[in-house]
Protein chains: 2
Amino acid sequence: MRGGLHMYCEEKIQLKDDFWGEKVRLIREKVLPYQWEALNDRIEGADKSYCIRNFRTAARVNALRRQGATLPEQPTDDFVSLPRGNALLPEHKKGDNAFYGYVFQDSDLYKWIEAAAYSLMMKADDSLEHTIDEMVDLLEEATLNDGYLDTFYSIKNPKKRFSNLRDHHELYCFGHLAEAAVAYYEATGKKQLLHLAERFADLICELFGKEEGKCHGYPGHELAEMALVRLYRHTGKTSYLELARYFVLERGREPNYFRKEHGEKDSDMRYYQAQQPVLEQMEAVGHAVRAMYLYSGLTDLAVEYDDGELAKVAKRLWKNVTRKKMYITGGVGATSHGEAFSYAYDLPADSAYAETCAAIGLVFWAKRMLQLQPKGEYADVMERALYNSVLSGISLDGTEFFYTNPLEVDPKACKEDERLWHVRSRRAKWFGCACCPPNLARLIGSITRYIAHHAENTTWIDLYMGSVLRTKWQGKTVEIETTSHLPYTSEIAVRLNNPSEAEGTLAIRIPGWAEQWSVEVEDEDGTVWPVDLANVQSETLNSCGDGQQKAGMSYEYREGYLYLAIYGQKKVIIRPHFAMKPVFYEANSLVRENSRQMSLVCGPLVYCLEEVDNGAQQHMLYASPEAVEQAETYTLPFLGREAVGYQFAGFRKKANTVSDPLYHKAEREEYQPVTLKWIPYFAWANREEGEMRVWIYKK
Amino acid sequence: MRGGLHMYCEEKIQLKDDFWGEKVRLIREKVLPYQWEALNDRIEGADKSYCIRNFRTAARVNALRRQGATLPEQPTDDFVSLPRGNALLPEHKKGDNAFYGYVFQDSDLYKWIEAAAYSLMMKADDSLEHTIDEMVDLLEEATLNDGYLDTFYSIKNPKKRFSNLRDHHELYCFGHLAEAAVAYYEATGKKQLLHLAERFADLICELFGKEEGKCHGYPGHELAEMALVRLYRHTGKTSYLELARYFVLERGREPNYFRKEHGEKDSDMRYYQAQQPVLEQMEAVGHAVRAMYLYSGLTDLAVEYDDGELAKVAKRLWKNVTRKKMYITGGVGATSHGEAFSYAYDLPADSAYAETCAAIGLVFWAKRMLQLQPKGEYADVMERALYNSVLSGISLDGTEFFYTNPLEVDPKACKEDERLWHVRSRRAKWFGCACCPPNLARLIGSITRYIAHHAENTTWIDLYMGSVLRTKWQGKTVEIETTSHLPYTSEIAVRLNNPSEAEGTLAIRIPGWAEQWSVEVEDEDGTVWPVDLANVQSETLNSCGDGQQKAGMSYEYREGYLYLAIYGQKKVIIRPHFAMKPVFYEANSLVRENSRQMSLVCGPLVYCLEEVDNGAQQHMLYASPEAVEQAETYTLPFLGREAVGYQFAGFRKKANTVSDPLYHKAEREEYQPVTLKWIPYFAWANREEGEMRVWIYKK
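Treat the numbers as computed from the prediction; the structure is a model and nothing was measured.

Topic: the relation of the copies chain B and chain A
Point 1. For the pair chain B and chain A, the best superposition has an RMSD of 0.0 Å and corresponds to a rotation of 180 degrees with a translation of 0.0 Å parallel to the axis. The transformation just described matches what one would write down for a two-fold rotation axis. Distance from the rotation axis, computed per C-alpha, reaches its smallest value in chain B at Arg419(B): 4.2 Å.
Point 2. Comparing contact sets, 100% of the residues at the interface of chain B also lie at the interface in chain A, consistent with an isologous, same-surface contact.

Now the structure itself:
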């Protein structure tokens, strides 16, 4: 095992960023209280959760059973089929001791606790902590004597537990329990929840594994893999790590566990990424969130075991996703059919699924890829997903959410076309299948964890957010303070405070979007060293470790990072200058859906056109590739003080009307000049309802 | 009641057309024998029909019941859900006396008999006639004592008949029985089948209607409406006509029969065109085949009752379909979701449903619209649908069929994208839900019925096919002989042989696709009268009925037809010259899916690009609107002696490869010149499998 705890950046990072500070505040002040109400079914007009209700029922049933009561066994397959899975709804009421909602409903409380824990780390809140403690007590009451905790089977029939790993979600819910438990322990030092997670983990270790007599199954919805690694990192119990590895390596092996479980011979296992052994998988397939969680878990294991074969799989799948199956917004999972990856280059804008949770999963995975190997491209994708497909999932006021994140929306089509059942033109207050809102809360709440990572005496700055990071080089504390005005301008400074004169390496990311860049380094005595671009492009180490250089600096550029060797200077200020201007991108021509279309990108942000700024019938809008060079910024008061949009000259094609015939002789197009007004993609659908487009036709 | 029998062209028309003669021959020699094997489940590798099997079972069960046996009642709701409806498959075997397949399976035999009857009209075939007679005997054996005939309920539980009008198809199957019965009577003069149809019709008249105590329902799948009109026209029984009117007018009235039948309060009735009373319907909605059959039936009734209100509905719905919801190929029903009409201008090429049966239904409807009011636009649409979306449904060798008719196909997408489950890149041998193949057989088999129509002493030539038509003016026989080389050249002549010197009007259609046209009329003495275009364009009657003109001609152009008054000339030859050259069309800009794309049309034919001629990645092909002016013909040996394709200069955009990044900075496009090779749309997928496109990008 390599690195272990050291690979994972657990340092406290203080966030001092306007943009992300606001998002974190929203999570604390709006999202967490709102979601608490939702979990308790107290939001009028929103889909019911039944989550807390189920835990209370499970606790009551548990108490009755402990008192010796014999409760009727309830069926565990009496679902109604809904677009996002199977659920039990009130019409199916079977009495007071009934389970309601989706089979994975428990996980919503766990995700909420995890998000609340991150919030507590940033800002103490006794009342919130008290609420969580009450919930932990409830969880303890709902736990069976042997450590099992899942309300669906507890309530309905504990004897049937782990009998349907493919479709039910006990191991998935366990994963979220473990994540919440570690986070809550980190936030408060309280061990009760961690203890529950460990008890359940121990039970799972006892029941699952390659040994004879154990169950040879693995999670239908992945997550336990990375959760077990996290639990291992906190407890040091290698059995957790080994179980995670077992889950990953057993997946898809013959005889296929899921097929056996369901007595099926030929069912398509791609949905579950179980179509072949993981080590043989060449292509990202199936349910995109599941895939992202599996790939995150296997990348964790590649790191922990220093396993070259797993690393190869991770890199191969990464390449497949980011070169063939990812929207320009970082969205993944193109098809609503199974919320899944489609085939290579099939990336339709209007019917995109691009689930918020899948983009969140891509961020998780990218973070782990950086730990596997620090390459700028991993951080580029992480940043792209975070600022676009993830953030579009939540409204600016923090009270409404997108489940799917299309790149083109016509409200009429959303309403009238049942093939677009999954596409909405407005965010919703909550979902019966509410995986995305609490997932957003836990990612944004822990956003500081994505700023940097380190190993031994090297610290990598992966994302530029205003922050103060304390880490150790040679056992001595160093402080890295970043100021940033991203995503709107690229004015960035990274200040190293090194009072103990530690030696180490500071690696700063050169974003892929910076077509030109330069870096100035100001030494402790005020000397400014311009980093020499000619040297920087070389892959050879630049006179590092030379005694003569000790008072000075040496640097090296490698795979998207500029590595600066620090020879004990007490203070160094690094001022990167990243050219950040709006640029039109186009897709590889193998993406049929984007034929002759361009997308406006500026730094981390993808931009879009909204009807409120550009009128309806946006498929009639055109731009020349060169027009973007004349782009001007304009303020976006609805979006915040620093936010800017871009505007420049475009065209609107002369349109037909309903009184024109359906087909007419082809003519040369006529255009009239218009001003195109672009806003950041993540900010769409926060004003009047209307059309939205990321891709504009090229003139 | 107006017109009645006289409105419907029942004259024998002899077909003498190379193009259609070949299609009719295919139906006779290939399709009918092949479909007979299919109905008997004797085609290896094709979906089973179970059709004849069910009739045999019904006859056996019937005999047992007549002998006093009590058979167990079988459930009538034990279906498995399949993409195209619910079916009972062999795995659901309930014993020997079991029903198999779709609930409407009986109709396939009726459609086959109808098609076979048309074939017998053109060419006697004792063996075929004998087979039909055997089938008629079987049908008689399967008929209940009171005239009821539907194997599903006969076999499973006769007591439950007419208990699920919404989803089951007894009235639909009756409709096909009636159509077959009339056709077979016309072909052979045999009355046994007609008698069965009348008995069933009489039973339905007894059970359904507005009177108290009768059932106030109507067909879930329309067809009985127009079949009852046809049966009325042959029998003169007004009760049939009145029942058809009741079915049409009751549909969608409150309280909604289907909702009541299923105990539902708010279900969406658009699928069945029962969302509101038919007289109030403004828009074509729901299942496209059902809609076409309903609109055909209501147009029949508008004609028969001379009902202005129904006529208004027919015209309003026609305008809605042809101005907002029809593919350029004449395909209708854009969405696979419910095989239905989508919203206005939603006409995606690659996911088009455009069911063969829906285009056939549009031909039925257009024919009836012509009877309601002779307007060229109705014939234009009829012709477009017939030559394109209908004919593409059958392979050139008559043994394979398309159920859906997309306008763009990428075989990879068909195979890998489950959203395109309905799109195929190759025709299939047969379908479990086999509505289309026998529907094609009965339409093509009766193609002569679409050539002309007449009322009183006027005969309209609606479609130009080589043919000899005998009709009566002033009670005297006139013969109209047409020669035509459509669809490949517009060399046409219409010869009137009028030995009895009858007076009447011959109206010839000026096709909408003829941008320029002129007509020469050669009188009996060899004088050639050029029709004066200036006069022709006027809407006023041109000196018709003037005694002085009697020896000559008078003419008038009105709504797509040129009316020539014939004052008893014994012989007149009309030579229309219709400019027919390839033209690029584009869609109304409200059709988002066709943005910047053009479709090549020449006369009745829409053309397409196939991979075998133009290479793969066809979304990279471009053409300038003007390029078509240089189009040259080339021969298409696979398609027939006279068939031509068109070729002209186009462009292929410089393409990326899989090793290029997924997104890159937008650039000005680079093109290389190519020769675009177009073939008729109906002929696609008859050579190697590959991509196909109707719409090409405009450069």
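What about the interface of chain B and chain A?
Note: interface size is frequently given as the accessible area lost on complex formation between the parts.
Point 1. At the interface, 69 residues of chain B touch 69 residues of chain A.
Point 2. Taking both partners together, chain B and chain A bury about 6,100 Å²; carbon and sulfur atoms supply 46% of that area.
Point 3. On the chain B side of the contact with chain A, Arg592(B), Arg596(B) and Tyr663(B) bury the most area, a combined 15% of that side's loss.
Point 4. Glu669(A) is the partner of Lys698(B) in a salt bridge, and the nearest nitrogen-oxygen pair spans 3.1 Å.

Observations concerning unusual backbone geometry
Point 1. Glu254(A) connects to Pro255(A) through a cis peptide bond whose omega is -5 degrees.
Point 2. Here Pro255(A) lies in the loop between α9 (238-250) and α10 (257-261).
Point 3. Located in the positive-phi region is Phe162(B), a residue other than glycine, with phi close to 60 degrees.
Point 4. Turning to its location among the elements, Phe162(B) is positioned in the loop between α5 (151-156) and α6 (170-188).
Point 5. Assessed through its relative accessible area of 10%, Phe162(B) is described here as buried.
Point 6. Phi is positive for Gln273(B), which is not a glycine, with a value near 55 degrees.

What about a negative patch on the surface?
Residue and element names in this part refer to chain A.
Point 1. A contiguous patch of negative charge, built from Glu134, Asp137, Glu140 and Glu141, is present on the exposed surface.
Point 2. Residue placement: glutamate 134 occurs in helix α4 (residues 126-142).
Point 3. Look at glutamate 134 and you get partly exposed, because its relative accessible area is 43%.

Concerning the pattern of salt bridges
All names here are of chain A.
Point 1. The full count for this structure, using the stated rule, is 98 salt bridges over all chains.
Point 2. Measuring nitrogen to oxygen at the nearest pair gives 3.4 Å for the salt bridge that ties glutamate 416 to lysine 412. One end of the pair is glutamate 416 and the other is lysine 412, both in helix α15 (residues 411-416) and four residues apart, which spans about a single turn.
Point 3. Each of Glu114, Glu179, Glu186, Arg230, Arg442 and Arg449 takes part in a single network of salt bridges with overlapping partners.

Comments concerning the sheet that holds strand β16 (residues 571-578) of chain A
Residues and elements named next belong to chain A.
Point 1. Reading across from one edge, β1-β8-β9-β10-β16-β12-β13 is the order of the seven strands in this open sheet, with antiparallel pairing throughout. In this open sheet, the two edge strands, each paired with only one partner strand, are β1 (13-15) and β13 (528-530). The average angle at which neighbouring strand axes cross in this sheet is 20 degrees, direction not considered.
Point 2. Bridging between β1 and strand β8 (residues 467-473) involves three bridges; their strand directions are antiparallel. From the neighbouring strand, leucine 15 faces β8, where its bridge partner is serine 467.

Cut-offs applied
- Residues numbered from 1 in each chain as written.
- Chains lettered and ligands numbered in written order.
- Predicted model: local features only at pLDDT ≥ 70, side-chain atom pairs only at ≥ 80, totals over all residues.
- Heavy atoms only, no water.
- Least-squares fit on C-alpha atoms with pLDDT ≥ 70 in both.
- Contact = heavy atoms within 4.5 Å.
- Buried area = accessible area lost by both parts, 1.4 Å probe.
- Salt bridge = Lys/Arg side-chain N within 4 Å of Asp/Glu carboxyl O.
- Helix = DSSP H or I, 4+ residues; strand = E, 2+ residues; numbered from the N terminus.
- Buried < 20%, exposed > 50% of the residue type's maximum accessible area, 1.4 Å probe, protein only.
- Patch = residues over 30% accessible without salt bridge, like charges linked within 9 Å, V, L, I, M, F, W, Y side chains within 5 Å.
- Areas by Shrake-Rupley, 256 points an atom, 1.4 Å probe, with all protein chains shown as cover.
- Lys, Arg positive; Asp, Glu negative; His and termini not counted.
- Charge placed at Lys NZ, Arg CZ, Asp CG, Glu CD.
- Pairing = 2+ DSSP bridges.
- Axes fitted to C-alpha atoms, helices over the stretch in contact; angles between N-to-C directions.

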